Amino acid sequence: MSAPTVPPAVPAAAGTSRTAAALDAARARGGAALVGYLPVGFPDVATSVEAARAMVGEGVDVVELGLPYSDPVMDGPTIQAAAQTALDRGTRPRDVLAAVEQVAATGAAVLVMTYWNPVVRYGVDAWSRDLAAAGGAGLITPDLVPDEGADWLEASAAHDLDRVFLVAPSSSPARLASTAAACRGFVYAASTMGVTGARASVGPAAEQLVADTRGAGAERVCVGLGVSTPAQAAEVGAYADGVIVGSALVRALGDGGVPAVARLAADLVQGVRP
Amino acid sequence: MSTSTPSRGRLADGLPLSSAAGPYFGEFGGRFVPEALVAALDELDAAFTTAWADPAYRAELAELERTYTGRPSILTEVPRFAAHAGGARVLLKREDLNHTGSHKINNVLGQALLTKRMGKTRVIAETGAGQHGVATATAAALMDLECVVYMGEEDTRRQALNVARMRLLGAEVVPVTTGSRTLKDAINEAMRDWVANVESTHYLLGTVAGPHPFPTMVRELHRVIGVEARAQVLDLVGRLPDVVAACVGGGSNAMGIFHAFLDDEGVRLLGLEAGGDGVETGRHAASITGGAPGVLHGTRSYLLQDEDGQTVESHSISAGLDYPSVGPEHAWLAATGRAEYRPVTDDQAMQAMRLLSRTEGIIPAIESAHALAGALEEGRRLGPDGVVLVNLSGRGDKDVDTAARWFELVDAGDMVEAEDVRTARADEGVHDGPDLPGSAAPAGPGRRDEGVPASGPGSRADRGDAQGPA
């Protein structure tokens, strides 16, 4: 793993968002942030942590660690298969917390991407407490909309965690506004109607969605779903605060191990930094 | 909508229980979905609310029910079956006589009409036993809609006949190879499809589960079962039944018949869950009896999950009940005590299936046989003065292969593939004797003493390898 090309993010003071600070640091450099996703436990816990730390080493600004779940309805085949491998190998929520601790030690902002039931089962407040203690920045919740998230809004406030909810091309102006108001850190704009997975092109609706979400009050908007190449990252980074890459990194890890993840991360970082 | 907790048979605000209409039933229900689906759920909610209040929609649906489904379905009293139920009167609501062979058509026709009203041209569906898939494919053919049905690969093997039916009707059947390869995973795939194609596509969900408005909408479309049955029982018996029994997987047939009796405090509502090998073995699909509250497929309800909140695979001989969660209104009725839920083992269900077949000439679906097993118990408890109403939600044609294997009705060598079983039955005229309960059964491999359904020590061993590929 090469040395980090950017200084570790300054720990956010109480009441401020660690994720937002990472995005702002990227903006101060004149580019967008790169958000890299990997599921914990694929191909095993130790390797997933090593790969995440390698991404940070190549300049990834925010790490999104996936909590493997049995019924990932927002995920395409690549991530779904990786999560299933992680589950088959016994990956558990406490492994995710341990991974957060190790990756957060690099100084990167670390978000956990999780479907809602594992958090409910763990206990929303207990999970928030333990995530904060592990140095995690917050959660991305693909199947929890703010309307159903009263427990999480309360716990995240109590434990000073970021809340990243999604908006989609189908979101109404009213929902863009209410979701933007509920988010802390950034708003996750789904580039297209669909699930995760590399695509030949990022949906044309993405740029408009970013503009609309900003217009609805969001300070920071990152774009995910379908970004897999440096060129796509550059294209999206021109109008969004951050570019989220998942399936392509997972595939690289599966095909070429940690070195392949590091290579792709480095290329993607070049894409978002003009 | 009401989020209130019922008290002594009424909602906290004094309204009848039957007025509860989502998105929440007590602490259950809601919309735990990707944001991309919220607009579609809003659109569906508005479209259904408007349609349900529109006499033209209701008239069109009623006409289809009358001339296409065959409603009202009849009520059949089954005295020879009831002789094994302590002499209580047992009445069957014959949803098995509906077009396509189950209650599923009620819901499907209503949602297909709604699809047209929303201007969508494609429907997708999930199916376990295939009954909902067949009903959806049927309605799609009738109304000229493109149709894709997701079905767990395991279920496509268990229900090969229904796969062929769907394809004959023009539907594309997609075997799902992820996860447990059953209904749960078919729903995951359908939701993925819906997220990507929501502009043109309606997800024609098959039970009273999923995000709001599905639990309420599907219940409303099945209410006709209970409304008809309540009037029919009053007409036949002169009073309400003591018990209304129905099988519960997702819970649509049960909710359909329960709803008309929700505010009749003297009527016990009994849901029979799929107990599989027995709840104590962990191999079952009894999500209320053996599960805990959690979130799956867009709704908060009881579900089978491990200590980390990962969904636990369910097990039932009946593909139609093989689902690890249950509709949120059932969860609410269970939590409040208004309805009771009990497990019925595979063995008890199969015995009840055979008993009804031999005593009354009605082959029920294995799903419905769970309700019949519950009715036998209730009848014995009530005695000759009791009246038990059972929702016979489907017919057993699709389950004949499973029954043939369970009871070893054909030679083992002929049962390698489902098609072989059908061929053997057709060629050899297997098992056409009138082996009535209590009479001596012909000797033969695997032949089991019928009579009163029971599950007891030795029943599993007795069955040996005869179990179907459940």
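Residues numbered from 1 in each chain as written. Chains lettered and ligands numbered in written order. Predicted model: local features only at pLDDT ≥ 70, side-chain atom pairs only at ≥ 80, totals over all residues. Heavy atoms only, no water.

For chain B, the name recorded in an unreviewed UniProt entry is Tryptophan synthase beta chain, with Pseudokineococcus lusitanus as its organism. The UniProt entry for chain B carries this comment under Subunit (unreviewed entry): "Tetramer of two alpha and two beta chains." Entered under Function (unreviewed entry) in the UniProt record, the comment concerning chain B runs "The beta subunit is responsible for the synthesis of L-tryptophan from indole and L-serine." (UniProt positions renumbered as here; feature names shortened; annotations may be inferred.)

Looking at an unreviewed UniProt entry, chain A carries the name Tryptophan synthase alpha chain, with the source organism given as Pseudokineococcus lusitanus. Note on chain A: under the UniProt heading Catalytic activity (unreviewed entry), the record states "(1S,2R)-1-C-(indol-3-yl)glycerol 3-phosphate + L-serine = D-glyceraldehyde 3-phosphate + L-tryptophan + H2O". According to its UniProt record, chain A has this under Subunit (unreviewed entry): "Tetramer of two alpha and two beta chains."

**Q** Explain the interface of chain B and chain A residue by residue, including any values.
**A** With 33 residues of chain B in contact, the opposing surface of chain A contributes 33 residues. Between chain B and chain A lies a buried interface of about 2700 Å² when both sides are counted; carbon and sulfur atoms form 48% of it. In this assembly, chain B and chain A are joined by 4 salt bridges. On the surface where chain B and chain A come into contact, there are 20 residue pairs in polar contact (both at pLDDT 80 or more). Per-element accounting of the side of chain B that touches chain A gives the leading share, 7 residues, to helix α8 (residues 183-197) of chain B. The residue inventory of the side of chain B that touches chain A, partitioned by class, reads 15 nonpolar, 9 polar and 9 charged. (Contact = heavy atoms within 4.5 Å. Buried area = accessible area lost by both parts, 1.4 Å probe. Salt bridge = Lys/Arg side-chain N within 4 Å of Asp/Glu carboxyl O. Polar contact = N/O pair within 3.5 Å; in protein donor to acceptor, adjacent residues only side chain to side chain. Helix = DSSP H or I, 4+ residues; strand = E, 2+ residues; numbered from the N terminus. Nonpolar A, V, L, I, M, F, W, Y, C, P; charged D, E, K, R; others polar.)

**Q** For the confidence of the model for chain B, give the residues involved together with the corresponding values.
**A** Residue and element names in this part refer to chain B. For chain B, the mean per-residue pLDDT works out to 88, and 86% of the residues sit at or above 70. Contacts from residues 1-7, a stretch scored under 50 in pLDDT, to residues over four places away or in other chains number 23 contacts. pLDDT under 50 marks residues 418-470. Its contacts with residues more than four places away, or in other chains, come to 91 contacts. The ipTM, which scores confidence in the relative placement of chains, is 0.93 for this predicted complex, and the corresponding pTM is 0.89. (pLDDT = per-residue confidence, 0-100.)

**Q** If you had to explain the pairing of strand β7 (residues 187-190) of chain A to someone new, which residues and values would you point to?
**A** Residues and elements named next belong to chain A. Residues Val187 and Ala189 point to one face of β7 and Tyr188 and Ala190 to the other, with burial holding for every one of them. Here strand β6 (residues 166-167) runs beside β7; their pairing, made up of 2 bridges, is parallel. Bridge pairing links Leu166 to Tyr188 in β7. Where the polypeptide runs from β6 across helix α8 (residues 173-182) and back to β7, its parallel neighbour, the crossover connection is right-handed. Direction of pairing for β7 relative to strand β8 (residues 221-224): parallel, over a ladder of 4 bridges. Following the sheet pairing, Tyr188 is matched in β8 by Cys222. (Buried < 20%, exposed > 50% of the residue type's maximum accessible area, 1.4 Å probe, protein only. Pairing = 2+ DSSP bridges. Right-handed = clockwise from strand over helix to strand, strands pointing away.)

**Q** Which residues make up unusual backbone geometry, and what are the values?
**A** For the bond running from Phe42 of chain A to Pro43 of chain A, omega is -5°, close enough to zero to count as cis. Looking at the element boundaries, Pro43 of chain A is found in the loop between β1 (33-39) and α2 (45-57). Geometrically, the link from His212 of chain B to Pro213 of chain B is a cis peptide bond, its omega value of 15° lying close to zero. Among the secondary structure elements, Pro213 of chain B is positioned in the loop between β8 (201-203) and α9 (214-237).

**Q** How would you sum up α8 of chain B? Please name residues and give values.
**A** With 15 residues, α8 of chain B extends 21 Å from end C-alpha to end C-alpha; this agrees with the ideal 21 Å at 1.5 Å per step. Most of α8 of chain B sits out of view: 13 of its 15 residues are buried. (Expected span 1.5 Å × (residues − 1).)

**Q** Explain helix α14 (residues 366-382) of chain B to me, using residue names and the numbers behind them.
**A** Its 17 residues place the ends of α14 of chain B 24 Å apart at the C-alpha level, agreeing with the 24 Å of an ideal helix rising 1.5 Å per residue. Counting buried positions over the 17 residues of α14 of chain B gives 13, a clear majority of the element.

**Q** Help me get a handle on the UniProt feature "active site" (unreviewed entry) in chain A, residues and values and all.
**A** As recorded in UniProt, the feature "active site" (unreviewed entry) lies at Glu64 and Asp75 of chain A. If you trace the backbone, Glu64 of chain A turns up in strand β2 (residues 62-66). Ignoring anything within four residues of it in the chain, the contact list for Glu64 of chain A reads Val35, Gly36, Tyr37, Leu38, Leu111, Met113, Ile140, Tyr188 and Ile244 of chain A. For Asp75 of chain A, a relative accessible area of 4% gives the class buried. Aside from chain neighbours lying at most four places away, what touches Asp75 of chain A is Gln80, Met113, Tyr115, Val195 and Thr196 of chain A together with Arg192 of chain B.

**Q** How would you summarise the packing of aromatic side chains if you had to cite specific residues and measurements?
**A** The final tally for this structure, using the stated rule, is 10 aromatic pairs over all chains. Measuring from centroid to centroid gives 5.5 Å for Tyr69 of chain A and Tyr115 of chain A, while their planes differ by 25°, and the two rings are stacked. With a gap of 46 residues between them, Tyr69 of chain A in the loop between β2 and α3 (77-88) and Tyr115 of chain A in the loop between β3 (109-113) and α5 (116-122) connect regions that are remote in the sequence. Classification of Tyr115 of chain A by relative accessible area gives buried; the value is 1%. Cluster of aromatic residues (ring-pair linked, three or more members): Phe48, Trp52 and Tyr57 of chain B. Over the ring of Trp52 of chain B we find Arg58 of chain B, and its NZ or CZ is 3.8 Å from the ring centre. (Phe/Tyr/Trp six-rings, centres within 6.5 Å; stacked < 30°, edge-to-face > 60°. Lys NZ or Arg CZ within 6 Å of the ring centre and 35° of its normal.)

**Q** Tell me about the sheet that holds β8 of chain A, and please be specific about residues and values.
**A** Residues and elements named next belong to chain A. Pairing in this open sheet of 9 strands is parallel, and the strands run β5-β4-β3-β2-β1-β9-β8-β7-β6 from one edge to the other. Two strands lie at the open edges of the sheet, namely β5 (162-164) and β6, each paired on one side alone. Sheet analysis places β2 next to β3, joined by 5 bridges and oriented parallel. In the sheet register, Leu65 faces β3, and the bridge partner there is Val112. Each of β4 (138-140) and β5 is contacted by helix α7 (residues 150-158), which is oriented at about 145° to β5, the strand it contacts most. (Axes fitted to C-alpha atoms, helices over the stretch in contact; angles between N-to-C directions.)

**Q** Before we move on, can you summarise the nonpolar core with the specific residues and values?
**A** Val63, Leu65, Trp116, Trp127 and Phe186 of chain A together with Tyr57 and Trp194 of chain B are the most contacted members of the largest nonpolar core, which has 159 residues in total. In terms of residue count, the dominant contributor to this core is helix α11 (residues 247-272) of chain A (14 residues). (Core = buried A, V, L, I, M, F, W, Y, C linked by side-chain atoms within 4.5 Å.)

**Q** I'd like a rundown of the UniProt feature "modified residue: N6-(pyridoxal phosphate)lysine" (unreviewed entry) in chain B, residues and numbers included.
**A** Residues and elements named next belong to chain B. Residues given the UniProt feature "modified residue: N6-(pyridoxal phosphate)lysine" (unreviewed entry) here are Lys104. With respect to the secondary-structure elements, Lys104 resides in helix α4 (residues 104-117). Once residues lying within four places of it in the same chain are set aside, the contact partners of Lys104 are Gln131, His132, Ala135, Gly206, His222 and Ser252.

**Q** So what's going on with the packing of α2 of chain A against helix α4 (residues 93-104) of chain A? Which residues, and what values?
**A** Packed helices, taken two at a time, are described by the angle their axes make and the gap between the axes. All names here are of chain A. α4 packs onto α2 with a crossing angle of 30° between their chain directions and a minimal axis gap of 10 Å. The orientation of α2 relative to α4 falls into the category roughly parallel. The element α2 and its partner α4 pack so that their crossing is right-handed. Where α2 abuts α4, its residues Val45, Val49, Ala52, Arg53 and Val56 lie against Asp95, Ala99, Gln102 and Val103. Here the residues of the contact of α2 with α4 are counted per class, giving 6 nonpolar, 1 polar and 2 charged. (Parallel < 35°, antiparallel > 145°, perpendicular 65-115°, else oblique. Left-handed = near helix turned anticlockwise from the far one by under 90°.)

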